[in-house]
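# Notes for the structure review
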Amino acid sequence: MDGVTQERTRTDGAREARAPEVLVSEGALTHHIQRLSRRIRAFDHRHPLVWDLHLTGFWVTAALIDYAGGGWLNVTRDRDNPSWLVLALSLGLSVPLLRRRAHPRAVLLTVFPFALVNAWTGIALQAVLLQLLVVFHIALRRPARNLWWATALITFPVALMAARHPQGSMDRDIIPVLMSIAVAAAIGITVRTRRDHTEALEDRARRLEIERDQQAQLAAAAERARIAREMHDIIGHNLSVITGLADGGKYAAAKSPERATQALDAIATTSRQALTELRRLLDVLREEHHPRAPHPELTPQPTLTDLAPLIERVRAAGLPVRTTIDGSPTLSPGRQLTVYRVIQESLTNTLKHGGPGTSAHIELSYDDKGAVTATVTDTGHSDGTAPGTGGRGLPGMRERTALYGGTLEAGPRPHPEQGWRVHLHLPEEQPQ
């Protein structure tokens, strides 16, 4: 028994080993058949006349063989008919099939007089069954209502022959014809349904591909906008600080060389920090294209803890800044980055457009539930136009705010006060 069991185990193992090979072979065969079928359909779509000529030639040849070989005499109901009439009916019932795909209704109407003569004379040629091919194409290419009059057109000559040249009951002649018409119509409707389903799937696949491309373009545009915001915030702010420090160092060089040296040191520090942030941003972009390369230490986005160094750099550039903070921050990194960038952009605009003697005030208010309000005001000389109009500053701030459903107001302070005011509010963060 143990030997039999071992032999059976080996046999089962051999079958399991051959199973993948059989599946691969069957899959390759199916793929080959599908590819060949697609090529045939594509050729027929480009050259429909080739297939029509072959099929029509086959049936015309079969009809002529039936005539020349005398096969029609085995089913005829009246042998006393001239040969030329039999030949004319054989050609009249088969040659019009050449246009069966393009004009199936016209072909059926063309064949009808020959079918009528065939029934009246009792010749009863089997070529009359070729009308079923026309019924198939009517069901395949025309509305279903055409099948009613097509059925009547085919059945009438059969009923005429059964009445004029009876052979048993009339049901014996009519019922098989009706069943044949039903089968031909059913095949045509089935093929048409499958074709429509395939076309619908192909159309859906095309639309999904277009939608995928559109989504990719939108994602690329959003990514470009994000990179533009980050580059603007990094470069624009640091260059403004460097410009302020350079101007201050130039005026202090003659009277106070020590102050000029301090300004140069601050310029070097700010430049190195800007280069560090740019490298980190570029490294993160490179990491997005190569997700398998782990660089967990690369975190370029500043947080609220970086506000103090930011304010110190702005003060070193010559802009006095006061801060008022109410509450403790409980914000996600993305919301912290938004607050940081808005304050950074506001101070940068003040450095650029505020003029001499300008000061700034930052008010931060944190809610226990995650809401935050930030207001940046300055005492610069405002002419009523938005600082940085035409650049990426204000649009970038609004885009960042909109990501979290917040509001941003930027404009001149109300009279009689002078200067500019930027007010940011981010609502409570909804749980995901």
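None of these values were measured; they are calculated from a predicted model.

Conventions we followed
- Residues numbered from 1 in each chain as written.
- Predicted model: local features only at pLDDT ≥ 70, side-chain atom pairs only at ≥ 80, totals over all residues.
- Heavy atoms only, no water.
- Helix = DSSP H or I, 4+ residues; strand = E, 2+ residues; numbered from the N terminus.
- Buried < 20%, exposed > 50% of the residue type's maximum accessible area, 1.4 Å probe, protein only.
- Contact = heavy atoms within 4.5 Å.
- Areas by Shrake-Rupley, 256 points an atom, 1.4 Å probe, with all protein chains shown as cover.
- Pairing = 2+ DSSP bridges.
- pLDDT = per-residue confidence, 0-100.
- Patch = residues over 30% accessible without salt bridge, like charges linked within 9 Å, V, L, I, M, F, W, Y side chains within 5 Å.
- Salt bridge = Lys/Arg side-chain N within 4 Å of Asp/Glu carboxyl O.
- Lys, Arg positive; Asp, Glu negative; His and termini not counted.
- Charge placed at Lys NZ, Arg CZ, Asp CG, Glu CD.
- Expected span 1.5 Å × (residues − 1).
- Arc of directions from axis to C-beta.
- Right-handed = clockwise from strand over helix to strand, strands pointing away.
- Polar contact = N/O pair within 3.5 Å; in protein donor to acceptor, adjacent residues only side chain to side chain.

### Quick notes on the overall build of the chain
- Helix and strand content of the chain: 11 helices and 5 strands.
- Here the chain holds 432 residues, and the buried ones make up 35% of them.
- In the chain, of all internal contacts separated by at least 6 residues, the share reaching a separation of at least 24 is 71%.
- For the chain, the exposed area adds up to about 26,400 Å²; of that, 60% sits on carbon and sulfur atoms.

### Concerning the pairing of strand S5 (residues 420-426)
- Of all 7 residues making up S5, 5 are buried, and the element is well covered by its neighbours.
- For strand S3 (residues 372-378) and S5, the ladder comprises 6 bridges, and the chain directions are antiparallel. Bridge assignment links Ala 374 to a residue of S5, and that residue is Leu 424.
- By the bridge criterion, 6 bridges tie strand S4 (residues 407-412) to S5 in an arrangement that is antiparallel. By the bridge assignment for S5, Gly 411 is matched with Arg 421.

### A closer look at the confidence of the model for the chain
- With 79% of its residues at a pLDDT of 70 or more, the chain has an overall mean of 79.
- Scored below 50 in pLDDT, residues 290-299 shows 5 contacts in the model against residues more than four places distant or in partner chains.

### Quick notes on a positive patch on the surface
- A contiguous patch of positive charge on the surface is contributed by Arg 35, Arg 38, Arg 39, Arg 41 and Arg 194.
- When residues in the positive patch are grouped by element, the largest group, 4 residues, is from helix H1 (residues 2-46).
- With respect to the element layout, Arg 39 can be found in helix H1.
- Overall, the relative accessible area of 57% leaves Arg 39 in the exposed class.

### Things to note about helix H2 (residues 48-68)
- When the terminal C-alpha atoms of H2 are compared, their 30 Å separation across 21 residues agrees well with the 30 Å that a helix rising 1.5 Å per residue should span.
- When we look at burial in H2, the residues that qualify are Asp 52, Leu 55, Thr 56, Val 60, Ala 63 and Asp 66. Summarising the axial view, the buried residues of H2 lie within an arc of 130°, below the 170-degree limit, and thus occupy one face. Opposite the buried face of H2, by more than 90 degrees, sit the exposed residues His 54, Phe 58, Ile 65 and Ala 68.
- As for H2, its buried residues are in contact with helix H3 (83-94).
- At the exit of H2 stands Gly 70, carrying a positive phi of roughly 75°.

### Brief notes about the pairing of strand S2 (residues 360-366)
- Taking burial as the measure, the 7 residues of S2 include 5 buried ones, the bulk of the element.
- In the sheet, strand S1 (residues 321-326) pairs with S2 via 6 bridges, with the strands oriented parallel. Directly across from Val 321, in S2, lies its bridge partner Ala 360.
- Between the parallel elements S1 and S2, the chain passes through helix H10 (residues 333-353) in a crossover that is left-handed.
- Of the strand pairs in this sheet, S2 and S3 are connected by 7 bridges, and their pairing is antiparallel. Across the sheet, the residue bridging to His 361 is Thr 377, located in S3.
- With antiparallel pairing between neighbouring strands as the criterion, S2 and S3 make up a hairpin whose turn holds 5 residues, including Gly 370 at a positive phi of roughly 110°.

### Some thoughts on the side chain of Arg 341
- You can see Arg 341 is positioned in helix H10.
- Here the side chain of Arg 341 touches Gln 344 through a polar contact of 3.0 Å, side chain to side chain.

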